[in-house]
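Chains, contacts and geometry: an overview
Below, each chain spelled out in residue letters.
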Amino acid sequence: KEMTMTNILPRLLMVLAALFLATLYFVPLWQISLYAPQYPDGVHMYIHIDKIGGATPGTLQNVNILNHYVGMKVIDPESIPELKYFPIVIGAIIFLGLIFAFINKRKLYLSWVIIMVLLSILGFYDFYLWEYDYGHSLADDAPIKIPGESFQPPLFGWKTIINFEAYSGPQIGGWFAGAAIVFAFLAYLTHRKQQKSATPLSSNVKVAEAFTALFLITGMLSCSIQPDSIYYGEDICSACKMTIVDRQHAAQLITAKGKAFKFDAIECMLRNKKENEQYHYLLVNDYLQPGDLIDAQKAVYLVSEEIPSPMGANLTAFSDVEAARSSVQSAEGKLFSWEEIQQRTFQLE
């Protein structure tokens, strides 16, 4: 009975890993989105393991129309062989995971993780080659020709392509596939910890463990979203396109997908922040600590003509009320909270 109870958790984790991978048959694995002034809500193309589609039925057609202007190939899912054999490969990996859960050997769990890691690396490499071919193999009779310009979408993250902001990143299925690797590795660790009569690990297994742990840690760290550094005198304001030089009034917002937008003034950020957009960070400079970005939603704001800001709104942020009040004593003006300051309309110079 004790041995049976010991074996349950690793098996359960391995079964869950296989089930997570099975979601790829129902939800998209990856997405590529394009944003531009004429497409403020974006054009979102979703890549499944067996098809390519979009948020609307006409998405792929719209992408092909846009691609046509610069001479890119037509994206034809029927001509992509990976979409035909990928479902078979995923099915085999799922079946293998369930068999390994039944056998319940820690080396098999680790083997499944390594297989998934190697397949992920191969998948990213294949995806890069696919993007490279579409972005560089351009028709000679394209309506728009820009010498030296590459139209290859980013492998991961954001990239500016002419007047488009392109984003590439995992969709629901991609996150579940990552979770499958993590759960399988947890199954291995749990089995190893619970096994009472464990024998010394061979050097090969130790190397495999170290490689797998490094991959998982690196993957988790790369997915974390952090504020970007503002390089004063070099970075350009995402709104007014002026060089950011003022360390007391600059601001930054990071979208939920990790895209960083930098502004030379708080008023620029407020005027360009979308009402229904989800943001991971909203940051403003503390006037009394130049270059020190603080949480915009917790800051206190002063509007005073005696402290001008780069775009003429006379808007300044402070880390707390006391600091702001002490400034009000020397500079006439009015204090606002984050909620209040968003209701004001700023006329930019």
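Before reading on, note that the structure itself is shown above.
Residues numbered from 1 in each chain as written. Predicted model: local features only at pLDDT ≥ 70, side-chain atom pairs only at ≥ 80, totals over all residues. Heavy atoms only, no water.

**Some remarks on the pairing of strand S9 (residues 289-295)**
- Relative to S9, strand S8 (residues 279-286) runs antiparallel, the two being bridged by four bridges. Paired with valine 284 across the strands is isoleucine 294, a residue of S9.
- Taking the residues that link successive antiparallel strands as the turn, the S8-S9 hairpin has two residues. (Pairing = 2+ DSSP bridges. Helix = DSSP H or I, 4+ residues; strand = E, 2+ residues; numbered from the N terminus.)

**Let's talk about the layout of surface pockets**
- The volume enclosed by the second largest pocket comes to roughly 1000 Å³.
- Lining the second largest pocket are 32 residues, with Tyr35, Pro40, Glu165, Phe261 and Lys274 positioned closest to its centre.
- Residues belonging to the lining of the second largest pocket are distributed by class as follows: 17 nonpolar, seven polar and eight charged. (1 Å grid on protein atoms, 1.4 Å probe; cavity = no way out; pocket = protein on both sides within 12 Å on 5 of 7 lines; lining within 4 Å. Points joined across faces, edges and corners; volume = space filled by probe spheres on them. Nonpolar A, V, L, I, M, F, W, Y, C, P; charged D, E, K, R; others polar.)

**Side note on helix H4 (residues 106-136)**
- Helix length check: H4, at 31 residues, gives a terminal C-alpha distance of 45 Å against a target of 45 Å (1.5 Å per residue), a fit within 8%.
- All of the buried residues along H4 are Arg106, Tyr109, Leu110, Trp112, Val113, Met116, Val117, Phe127, Trp130, Glu131, Tyr134 and Gly135. (Expected span 1.5 Å × (residues − 1). Buried < 20%, exposed > 50% of the residue type's maximum accessible area, 1.4 Å probe, protein only.)

**Overview of the sheet that holds S8**
- Sheet architecture is open: four strands sit in the order S7-S6-S8-S9, paired in antiparallel fashion. Two strands in the sheet have a free side with no partner beyond their single neighbour: strand S7 (260-263) and S9. Put simply, the sheet's adjacent strands are angled 20 degrees from each other on average, direction ignored. (Axes fitted to C-alpha atoms, helices over the stretch in contact; angles between N-to-C directions.)

**As for the pairing of strand S6 (residues 251-255)**
- Of all five residues that make up S6, five are buried, and the element is covered over most of its length.
- Judged by which residues are buried, S6 turns out to be covered on both faces: Ala251, Leu253 and Thr255 on one side and Gln252 and Ile254 on the other are all buried.
- Pairing of S6 with S7, which is carried by four bridges, proceeds in the antiparallel orientation. Pairing of alanine 251 across the sheet is with phenylalanine 263, part of S7.
- Linking two consecutive strands that pair antiparallel, namely S6 and S7, is a turn of four residues; a positive phi of about 95 degrees is found at glycine 258 within it.
- Summarising the sheet, S6 and S8 pair through five bridges and their orientation is antiparallel. Residue pairing across strands places threonine 255 opposite tyrosine 279, the latter belonging to S8.

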